[in-house]
Amino acid sequence: MRCAEKFPRQSHLHRVNKMAKRKMEILYKVYNNLYVNLTNKCPCACTFCLRQNNETVGESDSLWLDHDPSFEEVVEAFKSKNMDEFESVVFCGFGEPTERIDVLLQVADFVKKEYKKPVRINTNGLGNLVNGRDICPELEGKIDEVSISLNTPNADDYFKLVRPKFGEGSFQAMLDFAKEATKYVKVTFTTVETTLTKEEEEECAKICEEIGATYRIRPWIGENEA
């Protein structure tokens, strides 16, 4: 995993020792939502990724996993929560959720049937490349919204910022994924305030309009927010 390579070996061993002493953080609270941490795998090595310097988000313990949790483990984690406390369920953790699309959809189906909660995926939008197929039709009826990190309207800048393992075609693949996904779910593109010029934000808004997606400029995320 490319992001993990940024940590020296001693730091990695320290995390492994800590994980051996605690229960994995599969679910964690951010504001009034319950987030699902399915994996630490990610096809990108974003220069701004929170996990380079932090282990926690929101009210979580460390989000580094000692293994990818099974569907059964995730369901057990849900059963330990009072779901009346949460407005929605969000697939977002220290990895790209669509790396485990099959388990993700199983869990989403469980959440919709058991708790009747809205379900969102926070993603880099490279799920089709990750899985080698068009996963968009599979989202219908299980996912309510897909939130995609756009980061920049420029393909070259995107490649430098996100550093996807799939190469320079990743930006267009992300846009293609978003356009296809609008047939089945609500799609929102996000950028972070203060990171782009007004002109770049206008370009992002135009991309969203052409695709049929909502554009959201979100606040900068501190180490204990999401």
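Position numbers for residues count from 1 along each chain, tracking the sequence in the order it is written. Reporting of local features is limited, given that this is a predicted model, to residues whose pLDDT is at least 70; pairs of side-chain atoms are given and counted only at 80 or more, and all residues count toward the totals for whole chains, interfaces and linings. Values shown for side chains rest on all heavy atoms present in the structure; no hydrogens or waters enter the calculation.

Asker: Explain the side chain of E96 to me, and be specific about the residues and the numbers.
Answerer: Inspection of the secondary structure puts E96 in the loop between β3 (88–91) and α3 (101–115). Residue burial is assigned from relative accessible area. The probe radius is 1.4 Å, only protein chains are included, and a residue is buried under 20% of its type maximum, exposed over 50%, and partly exposed in between. Positive residues here are Lys and Arg, negative ones are Asp and Glu, while His and the chain termini are left out of the count. What counts as a salt bridge is simple: a side-chain nitrogen of Lys or Arg found within 4 Å of a carboxyl oxygen of Asp or Glu. One buried charged residue, E96, remains without a salt bridge, the closest side chain of opposite sign being R51 at 9.8 Å. We call two N or O atoms a polar contact when they sit within 3.5 Å, provided that within protein one can donate a hydrogen and the other can accept it, with sequence-adjacent residues counted only if both atoms are side-chain atoms. A polar atom in the side chain of E96 sits 2.6 Å from the side chain of T98. What E96 contacts, discounting residues up to four positions off in sequence, is T39, K41, C42, P43, T123 and N124. Numbering of helices and strands runs from the N terminus, with a helix taken as a DSSP run of H or I at least four residues long and a strand as a DSSP run of E at least two residues long. We call two residues in contact whenever any of their non-hydrogen atoms come within 4.5 Å of each other.

Asker: Let's hear about the pattern of salt bridges: which residues, and what values?
Answerer: Under the defined criterion, the tally for this structure stands at nine salt bridges. For D109, the salt bridge is made with K113, and the minimal N-O distance between the two is 3.1 Å. Pair noted here: D109 and K113 are both in helix α3, with a separation of four residues, about one helical turn. Overall, D109 belongs to the partly exposed group, its relative accessible area being 24%. Given a relative accessible area of 57%, K113 falls into the exposed group.

Asker: Account for the nonpolar core, with residues named and values stated.
Answerer: Formed by 52 residues in total, the largest nonpolar core has its most connected members in F78, F91, I143, M174 and F189. At eight residues, the largest contribution of residues to this core is made by α3. If you look at the next biggest cluster of nonpolar residues, it comprises nine residues, including Y28, V30, V90 and C92. Only buried Ala, Val, Leu, Ile, Met, Phe, Trp, Tyr and Cys residues count toward a nonpolar core, and they belong to the same one when joined by side-chain atoms within 4.5 Å.

Asker: Requested: an account of the pairing of strand β7 (residues 214–218), with residues and values cited.
Answerer: Pairing geometry for strand β6 (residues 186–192) and β7, over five bridges, is parallel. Following the sheet pairing, T191 is matched in β7 by I217. A crossover counts as right-handed when, viewed with the strands pointing away from the observer, the path leading from the first strand over the helix to the second turns clockwise. Tracing the backbone out of β6, into helix α8 (residues 198–211) and back to the parallel element β7 gives a crossover that is right-handed. For two strands to be treated as a pair, DSSP must find no fewer than two bridges joining them.

Asker: Summarise helix α6 (residues 155–162); cite the residues concerned and give the values.
Answerer: Two to three positions downstream of the cap, the backbone nitrogen of D156 sits 2.9 Å from a side-chain oxygen, assigning the N-cap of α6 to N154. Positive phi shows up at R163, right after α6, with a value of about 50°.

By themselves, these figures tell us nothing about what the structure is for.
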